[in-house]
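Each chain is listed here by its residues.
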There are 2 protein chains.
Amino acid sequence: MSLNHVHNSLGRAVPAQINGQPAVPFQGLGKYKPAGEKAAPPVRTCADYPADGNKVAADLATALKNAGLRDGMTLSTHHHFRNGDKVGNAVFEAAAALGAKELRWFPSASFPCHAPILEHLENHVIHHIEGSMNGPLGDYCSQGKMRGMGVLRSHGGRWQAVQDGEVHIDIAVIAAPTADAFGNCNGVTGPSACGLLGFALVDSIYADHVIVVTDNLIPFPCIPWQIQGNNVDQVVVMDSIGDPSKIVSGTTQLTRSPDRLLIAEMTARFVREAGIMQDGFSFQAGAGGTALAFAIYLKEMMRESGVKARFIRGGSTKYLVQMLEEGLTDYILDGQTFDLDGVRSMRDNPNHQDTSPFTSYNYHGKGCFASFIDAVVLGATEVDVDFNANVVTHSDGRLLHGIGGWQNCLAGRCVILPIPAVRDRIPVIVDRVTTLCGPGELIDVIVTERGIAINPRRSDLIDAVKGSKLPIRPIQDIKAEIDAMCGGPPAVPKFGEKVVAAIKWVDGTVIDCVRQVG
Amino acid sequence: MSLNHVHNSLGRAVPAQINGQPAVPFQGLGKYKPAGEKAAPPVRTCADYPADGNKVAADLATALKNAGLRDGMTLSTHHHFRNGDKVGNAVFEAAAALGAKELRWFPSASFPCHAPILEHLENHVIHHIEGSMNGPLGDYCSQGKMRGMGVLRSHGGRWQAVQDGEVHIDIAVIAAPTADAFGNCNGVTGPSACGLLGFALVDSIYADHVIVVTDNLIPFPCIPWQIQGNNVDQVVVMDSIGDPSKIVSGTTQLTRSPDRLLIAEMTARFVREAGIMQDGFSFQAGAGGTALAFAIYLKEMMRESGVKARFIRGGSTKYLVQMLEEGLTDYILDGQTFDLDGVRSMRDNPNHQDTSPFTSYNYHGKGCFASFIDAVVLGATEVDVDFNANVVTHSDGRLLHGIGGWQNCLAGRCVILPIPAVRDRIPVIVDRVTTLCGPGELIDVIVTERGIAINPRRSDLIDAVKGSKLPIRPIQDIKAEIDAMCGGPPAVPKFGEKVVAAIKWVDGTVIDCVRQVG
């Protein structure tokens, strides 16, 4: 271990500095206590803004110029358009045309559609990316080609970092499906409707300069104003801010794999048999195929038992919307809409509430509701025998996924990971996860097609399912069986010395890092 | 003038210090430019809050103790319950029982129901009040009995003062008609429903410690969450937080006075004949009897002409709600509901949007919509021949009213004051207003039963109504006629030397002050 590294409380060697700034190593759950005050944006005055409320600028380049774009600045975007986003690329095209260099891109996440950003990394328009890098940008980073260190944060961690002043956004660019000339905007209407703009809320509050980009400009007032014009400096109209066919997530296909359906059903049965599924309970299931199948199984069980949830936490899909409309839950509390039924429901149903990472996930607040969701169903690329889990790297070591809300959701009352025991003939339960994104202390149940492992720390859960017919097994037994089947544990990937990305925990400390592959 | 006073740009002698802090004199419209950054509340961590989200404390005294109540602290409350509020008194009863002294009360406004506060002022539990003092508290202050100087701010000025760090709130107590144990709350449901909680939003964001008090605790989530539990420290349940029969404003009675009806009708005609009443326009009318009558006349004219407004700014009443429901406006943008029809409409109609002073009035933001309302109809206790106006003192010099949103609304495109020329046989148009709350530069039209005076600065308006049958007259002519009728201008009240209250402008500078009467 070099002098620039320290071991954190989980035994992971992590960088002591990130891009020249000191970093705090992970110290254990709830151990690191923040000091100081929230970031304080400059006080503005109406005297400097148009009295008629018209903040429209000619185009993105003009707006960036007006905003005082300079080398080394931090520019942010959001990812509610997912793989259909057109604004992230347009921002850096405009910045490149203006001759800007060494920018930091601070997206809430990036997707394969952002491959053109590779060129800006190569030609030094962008110095580095802080934010999830799904696909080609992650691969580029993994190869050690990005000059700065990537920093991966959860959705809540991104709010925390901006709120705490750890990341200062110079210019936020907020793509908005509908906006007025004053800058009020939302995601529920317009040709590029994506549901909500919650990931951009923190940018709108704390950035020095805020530019709203829309392809659907309407007269004031744009209601609902998910982002308030009172935080916005300029508005830019583009022909199209997103590709509607790709805004909807590709991960919302229901699984057809018999193994995964079995896993999903076992997960739902576990929730029922552990006594979690009862009137007034709450759950969260993501948009992956298995999680969707889980929700459908649980819905049937709820219907049979006459159980109604108080709320479901989304990422919403048509399956969750059906539950709301059938009266199986009072509310959906939604962080992002994954399909058009989600968008419609959020627009029309007052019980389908949009949320932001402040409400749901920010660990440096006065609580957040992630900690009182009864059952949370999440994915993972790997888990280890101590229930630690990985969501960002594959077992070959490549950084291909973001954290999303995953770390934040681990605060839930019963955290369940339904995962196949084997992927591409490689065991998923390992001795030591490649990248430790979530501590085993917070992960309660692993459901595989070969059995269910309950974290020994959760004797309450072990007791609750005693006598059930569920195949409860020690995690070591499941692992041994898989290893035998696959011819031993997976090969440990070869890494270079260079740290390509730091993985932050929800409190801003460094829980692990990712090294260059190959 | 004593050494402690300075003349501001309007020639008013104002204190150079307010309660020991330096104060900036008014410098002219748009002249004072703020420097520095917004107030920055401490960073908190979920580790210090209950993971189950239950923040309920036994009672108000316990909550204040938990909050670290100390002598000299600033405690805030809001006035959405108007004269039916029970929480303001309860807070200081509890604080008195705990032995606290020299507190500063920072309400968004106080009402006659707060008369018990007089005792706390007398026995030094409260040092002074900053906020509107309607009725007995204003009278007490006027008599010079309050030890500290009162500070009157507009609704927008209150947001500005807290946001800019000019007023630091130690403990905010937010009365909420419905809340959950996490602190999410709203005003639209429950036995004490008052519509919204917009005046308390700034307190929830910037106060060190936030206590929500409710008489209707429901399971999480309380939706809508007009105030977010993520900003709340504790929740207290009381039997009753407000008297529903008095929550509705007493000022929402339609006038029956023939003179006032005439004034209201002339005001509506002016709006129509000046060409302001056209498709997509906007207007604001308060809850006073004349303003209500104006809205009713305008509604008829809109119906006749087939004109639809884009939005109406409330204080909402059943008359505005009818306009929304009849399709005469797309939206109501509402700052406070004045009757139960307003509450119902805000709860059920997504086009009836609740607002906060941030959205509508904060001058130290990136614009606010007050400046793009087409016609604004307001009251005044006095106006002078330069169109300067007074809303806080009577012509006898007594401080009996708050500023409300009045100063903020002066930013509107056409500001009209429909006022009787004479009140209790005293002329209302004077040579010099007792207290200058709004500069004549911003006041465009005075409508009296004896004629309409247009500010000579507004040649565009003078041209627009040329040829109309409206009785347009120079303001000096109207004044001369009234003076002759009343036997001369009103007597100038006698004041002592002591400044009992400072009047802030929307930018935080001191526009005038009020001296002790008698």
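The rules behind these values
Residues numbered from 1 in each chain as written. Chains lettered and ligands numbered in written order. Predicted model: local features only at pLDDT ≥ 70, side-chain atom pairs only at ≥ 80, totals over all residues. Helix = DSSP H or I, 4+ residues; strand = E, 2+ residues; numbered from the N terminus. Rg over C-alpha atoms; globule rule 2.2 N^0.38 Å. Buried ≥ 20, exposed ≤ 12 C-beta atoms within 10 Å, placed from the backbone. Least-squares fit on C-alpha atoms with pLDDT ≥ 70 in both. Contact = placed C-beta atoms within 7 Å. Nonpolar A, V, L, I, M, F, W, Y, C, P; charged D, E, K, R; others polar. Domains from an automatic or database assignment. Pairing = 2+ DSSP bridges. Axes fitted to C-alpha atoms, helices over the stretch in contact; angles between N-to-C directions. Parallel < 35°, antiparallel > 145°, perpendicular 65-115°, else oblique. Left-handed = near helix turned anticlockwise from the far one by under 90°. pLDDT = per-residue confidence, 0-100. Expected span 1.5 Å × (residues − 1).

1. Observations regarding the overall build of chain A
A tally of helices and strands in chain A yields 15 helices and 31 strands. At 23 Å, chain A has a C-alpha radius of gyration in line with the 24 Å of a compact globule built from 518 residues. Dimensions along the principal axes, computed over C-alpha positions, put chain A at roughly 70 × 55 × 40 Å. Classification of the 518 residues of chain A by burial places 60% in the buried group.

2. Comments concerning the relation of the copies chain A and chain B
Here chain A sits on chain B after a turn of 180° about the axis and a move of 0.0 Å along it, with an RMSD of 0.0 Å. Read as a symmetry element, the transformation amounts to a two-fold axis. Residue Ala40(A) of chain A places its C-alpha closer to the rotation axis than any other residue of that unit, at 2.7 Å. A high fraction, 100%, of the interface residues of chain A reappear at the interface in chain B, so the copies pair face to face through one surface.

3. Quick look at helix H11 (residues 340-348) of chain B
For H11(B), the full list of buried residues reads Gly342(B), Val343(B), Ser345(B) and Met346(B). Residues of H11(B) that are buried sit in contact with strand E18 (309-316), helix H10 (318-325), strand E19 (329-337) and strand E20 (352-354) of chain B.

4. Focus on the interface of chain A and chain B
Across the contact, 51 residues belong to chain A and 52 residues belong to chain B. Among the secondary structure elements, those contributing two or more residues to the side of chain A that touches chain B are strand E18 (309-316), strand E19 (329-337) and helix H12 (357-360) of chain A. Residues that form the side of chain A that touches chain B fall into these classes: 24 nonpolar, 17 polar and 10 charged.

5. Looking at the domain arrangement of chain A
All names here are of chain A. If you check the domain split of chain A, you get domain 1 (49-130 + 167-247) and domain 2 (250-493). Computed from C-alpha coordinates alone, the two centres of domain 1 and domain 2 are separated by 32 Å. Each partner contributes residues to the interface: domain 1 has 14 residues there, and domain 2 has 15 residues. Here the side of domain 1 that touches domain 2 is built from residues that sort into 8 nonpolar, 6 polar and no charged.

6. A word on the environment of Ala47(A)
Among the structural elements, Ala47(A) can be located in the loop between strand E4 (21-22) and strand E5 (56-57). Setting aside residues no more than four positions away along its own chain, Ala47(A) makes contact with Gly30(B) and Lys33(B).

7. So, the sheet that holds strand E7 (residues 103-107) of chain B
Residue and element names in this part refer to chain B. Spatially, E5-E16-E15-E12-E6-E7-E9 is the arrangement adopted by the 7 strands of the open sheet, whose pairing is parallel. The outermost strands of the open sheet, each flanked by one partner alone, are strand E5 (56-57) and strand E9 (126-129). One ladder, built from 2 bridges, connects strand E6 (residues 74-77) with strand E12 (residues 171-176); its direction is parallel. Following the sheet pairing, Ser76 is matched in E12 by Ala172. Across the sheet, helix H2 (residues 87-97) lies against E6, E7, E9, E12 and strand E15 (209-214), angled at about 155° from E6, the strand it touches most.

8. Brief notes about the pairing of strand E24 (residues 415-418) of chain B
All names here are of chain B. Here E24 shows no split at all, with Val415 and Leu417 on one side and Ile416 and Pro418 on the other all buried. Strand direction decides the pairing type here: strand E21 (residues 375-377) and E24, joined by 2 bridges, are parallel. The residue of E24 that forms the bridge with Val376 is Val415. Pairing of E24 with strand E28 (residues 445-448), which is carried by 3 bridges, proceeds in the parallel orientation. In the sheet register, Leu417 faces E28, and the bridge partner there is Ile446.

9. A look at the pairing of strand E12 (residues 171-176) of chain A
Residue and element names in this part refer to chain A. Burial within E12 is extensive, with 6 of its 6 residues counted as buried. Alternating residues of E12 divide into Ile171, Val173 and Ala175 and Ala172, Ile174 and Ala176, and every residue in both groups is buried. Pairing of E12 with strand E15 (residues 209-214) involves 6 bridges; the strand directions are parallel. Within the sheet, the bridge partner assigned to Ala172 lies in E15 and is Val210.

10. Focus: the packing of helix H8 (residues 258-273) of chain B against helix H9 (residues 289-305) of chain B
Residue and element names in this part refer to chain B. Following both chains from N to C, one finds H8 and H9 inclined at 45°, their axes separated by 8 Å at the closest point. In terms of axis orientation, H8 runs oblique to H9. Read as a crossing pair, H8 and H9 show a hand that is right-handed. For the pair H8 and H9, contact is made by Arg260, Leu261, Ile263, Ala264, Glu265, Thr267, Ala268, Val271 and Arg272 and by Gly289, Thr290, Ala293, Phe294, Tyr297, Leu298 and Met301, respectively. Taken together, the residues of the contact of H8 with H9 sort by class into 10 nonpolar, 3 polar and 3 charged.

11. What about the sheet that holds strand E16 (residues 234-237) of chain A?
Residue and element names in this part refer to chain A. Across the sheet, which stays open at both edges, the 7 strands sit in the order E5-E16-E15-E12-E6-E7-E9 with parallel pairing between neighbours. Sheet topology places E5 and strand E9 (126-129) at the edges, where each strand pairs with a single neighbour. This element, helix H2 (residues 87-97), spans strand E6 (74-77), strand E7 (103-107), E9, E12 and E15 of the sheet and lies at about 155° to E6.

12. So, the confidence of the model for chain A
Residues shown with low pLDDT carry predicted positions that ought not to be read at fine detail. Summary statistics for chain A give a mean pLDDT of 96 and a share of 99% for residues scoring 70 or more. Listed scores for the predicted complex are pTM 0.97 and ipTM 0.96.

13. Observations regarding the packing of helix H10 (residues 318-325) of chain A against helix H11 (residues 340-348) of chain A
Residue and element names in this part refer to chain A. It is the contact of H10 with H11, at a shortest axis distance of 8 Å, that shows an interaxial angle of 35°. Taken as a pair, H10 and H11 cross one another with a handedness that is left-handed. For the pair H10 and H11, contact is made by Lys318, Val321 and Leu324 and by Asp341, Gly342 and Ser345, respectively. Considering only residue class, the contact of H10 with H11 consists of 2 nonpolar, 2 polar and 2 charged.

14. Thoughts on H9(B)
Its 17 residues place the ends of H9(B) 25 Å apart at the C-alpha level, agreeing with the 24 Å of an ideal helix rising 1.5 Å per residue. Those residues of H9(B) lying buried are Thr290(B), Ala291(B), Leu292(B), Ala293(B), Phe294(B), Ala295(B), Leu298(B), Lys299(B) and Met302(B).

15. Quick look at unusual backbone geometry
Note that the residue after Ile223(A), namely Pro224(A), is joined by a cis bond; omega there is -5°. At the junction of Phe220(B) and Pro221(B), the peptide bond is cis and its omega measures out at 0° in the coordinates. Position of Pro221(B) among the secondary structure elements: in the loop between E15 and strand E16 (234-237). Its identity as a non-glycine residue notwithstanding, Phe387(A) has a phi of 75°, on the positive side. With 26 C-beta atoms packed within 10 Å, Phe387(A) lands in the buried category. The phi torsion at Arg425(A) lies on the positive side, around 65°, for a residue other than glycine. Here Arg425(A) is to be found in the loop between strand E25 (422-423) and strand E26 (426-427). On the basis of neighbour counts, which here come to 9 C-beta atoms within 10 Å, the residue Arg425(A) falls in the exposed class.

16. So, the environment of Asp71(B)
Residues and elements named next belong to chain B. With respect to the secondary-structure elements, Asp71 resides in the loop between helix H1 (60-66) and E6. Once the C-alpha coordinates of Asp71 and Pro41 are considered, the two residues, 30 residues apart in sequence, prove to be 20 Å apart. When sequence neighbours within four positions are dropped, the list of residues in contact with Asp71 reads Ala100, Lys101 and Glu102.

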